Amino acid sequence: MRDATPLPDLNSLKDQARRLRARLGANGDTINHSKALELVAAQHGFKDWNTLHAALGNRAGPERLMPGARVTGAYLGQPFSARVLGIQALTSAPGNYRVSLDLDEAVDVVTFDSFSSFRKRVNGVIGETGVSRERTSNGRPQLELSWS
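Here goes a summary of the coordinates provided. This one's a predicted model, so the numbers in the text were calculated from it and none came from an experiment.

Topic: the packing of helix H1 (residues 10-26) against helix H2 (residues 33-43)
For any two helices packed against each other, the geometry comes down to the angle between their axes and how far apart the axes lie. Where H1 contacts H2, the two axes come as close as 8 Å, and the packing angle between them is 115°. Here H1 runs over H2; the crossing is right-handed. Residues Leu13, Lys14, Gln16, Ala17, Arg18, Leu20 and Arg21 of H1 form the contact with H2, whose participating residues are His33, Ala36, Leu37, Leu39, Val40 and Gln43. Residues belonging to the contact of H1 with H2 are distributed by class as follows: seven nonpolar, three polar and three charged.

What follows is the structure in structure tokens.
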């Protein structure tokens, strides 16, 4: 049975397989790359490489930033805590990720005293550090995420 330890990213898993294959080869035990991938999958608690690969899905970005993860941050300057609904790597902008968040409590995204607009679901694009490239009129990032 697989534990809840977060999985490394796909490139790290493939690198583990390459290192395993090289190490075994140095000891006189030759295996092909497919077998090395299967062994890495088993090491992480999966029945085979395809199952492990499917478990990774389109997970991207920082290690624990995956659907269901808890995050805190600020949206348009308003602090929040939330659950990640989804994350997707943007092929058109490598190193950037579209995230969908379900805020624990709706935040007011309007700064006027006489008007309010509350948001509970937030979508945005962030970089590897969890900060959006887009800025508000005062220069602050539109979306800032923190996770542990």
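Okay, back to it.
A word on H2
Turning to H2, its buried residues are Ala36, Leu37, Val40 and Ala41. The buried residues of H2 occupy an angular sector of 140° when projected down its axis, which confines them to one face. Contacts from the buried residues of H2 go to H1 and helix H3 (49-56). A distance of 3.2 Å separates the backbone nitrogen of Ser34 from a side-chain oxygen at the start of H2, and that oxygen is part of Asn32. Immediately downstream of H2, the backbone of Gly45 shows phi near 90°, a positive value.

Criteria and cut-off values
Think of each chain on its own: its residues are numbered from 1, step by step along the sequence as written. At least 70 in pLDDT is required for a residue's local features to be given in this predicted model, at least 80 for side-chain atom pairs to be given and counted, and no such filter applies to totals for whole chains, interfaces and linings, which use all residues. Hydrogens and waters are ignored; side-chain quantities use all the structure's heavy atoms. An axis is simply a line fitted to the C-alpha atoms; with a helix, the fit covers only the stretch in contact. Between two such axes, the angle follows the N-to-C directions and lies from 0 to 180 degrees. Counting from the N terminus, the helices are the DSSP runs of H or I reaching at least four residues and the strands are the DSSP runs of E reaching at least two. Whether a crossing is left-handed or right-handed is set by the direction in which the near helix is turned from the far one by less than a right angle, anticlockwise for left-handed and clockwise for right-handed. Residue contacts are defined here by distance: any two heavy atoms, one from each residue, within 4.5 Å place the two residues in contact. Nonpolar residues are Ala, Val, Leu, Ile, Met, Phe, Trp, Tyr, Cys and Pro. Charged residues are Asp, Glu, Lys and Arg, and all others, Gly as well, are polar. Only protein chains enter the area calculation, which uses a 1.4 Å probe; residues under 20% of their type maximum are buried, those over 50% are exposed, and those in between are partly exposed. For this quantity, the arc is that covered by the directions from the helix axis to the C-beta atoms. Pairs of N or O atoms are called polar contacts if they sit within 3.5 Å, as long as, within protein, a hydrogen donor faces a hydrogen acceptor (for residues adjacent in sequence, only side-chain-to-side-chain pairs).

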